[in-house]
Amino acid sequence: MRKIAISSFLVLAMSVPALAGNATLKKDGKSYSLACNNSGCFLSEKISMFKSGPKKRLGSGGSKNFKMWKAKLKEQGYS
């Protein structure tokens, strides 16, 4: 039973993409979502809780680039 549980956990862990970071930023009364994963960093406007605008690809992904983009956007006036 223990082997089945461990193997199912490993299969699930391999199928879920790794996230480098997510953040919600605000500017001029609008909310924006910054999301980075292994495929890239994306910025999109949040329209409602379940809906967002088109994604704009900022560059390559990873946690280092997520921190860089978050700092860069805060310098541009996002909070």
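Look above for the structure.
Quick caveat: nothing in here was measured; it's all calculated off a predicted structure.

(A) The overall build of the protein chain, seen in detail. Per the secondary structure count, the protein chain includes 2 helices and 4 strands. Listing each helix as α and each strand as β along the protein chain from the N terminus yields α-β-β-β-β-α. Of all intrachain contacts in the protein chain linking residues separated by at least 6 positions in sequence, the fraction that spans at least 24 positions is 34%. A total of about 6,100 Å² of accessible surface is found on the protein chain, and carbon and sulfur atoms cover 60% of it.

(B) Seen up close, unusual backbone geometry. Phi is positive for Asp 28, which is not a glycine, with a value near 55°. Counting through the fold element by element, Asp 28 comes out in the loop between strand S1 (19–27) and strand S2 (30–37).

(C) The arrangement of helix H2 (residues 63–75) in detail. In this model H2 runs 19 Å from its N-terminal to its C-terminal C-alpha over 13 residues, within 8% of the 18 Å that 1.5 Å per residue would give. Those residues of H2 that fall on the buried side of the exposure criterion are Phe 66, Trp 69 and Leu 73. Angularly, the buried residues of H2 cover 70° about the axis, an arc narrow enough to put them on a single face. Opposite the buried face of H2, at more than 90 degrees from it, the exposed residues are Lys 64, Lys 67 and Glu 75. With its phi angle positive at about 110°, Gly 77 sits one or two positions after the end of H2.

(D) Broad picture of the environment of Lys 74. As for its placement among the helices and strands, Lys 74 is situated in helix H2. By relative accessible area, Lys 74 is classed as partly exposed at 42%. With 49 residues separating them in the primary sequence, Lys 74 and Leu 25 have C-alpha atoms 8.4 Å apart. For Lys 74, the contacting residues outside a window of four places in its chain are Leu 25 and Ser 79.

So, how was this worked out
Residues numbered from 1 in each chain as written. Predicted model: local features only at pLDDT ≥ 70, side-chain atom pairs only at ≥ 80, totals over all residues. Heavy atoms only, no water. Helix = DSSP H or I, 4+ residues; strand = E, 2+ residues; numbered from the N terminus. Contact = heavy atoms within 4.5 Å. Areas by Shrake-Rupley, 256 points an atom, 1.4 Å probe, with all protein chains shown as cover. Expected span 1.5 Å × (residues − 1). Buried < 20%, exposed > 50% of the residue type's maximum accessible area, 1.4 Å probe, protein only. Arc of directions from axis to C-beta.

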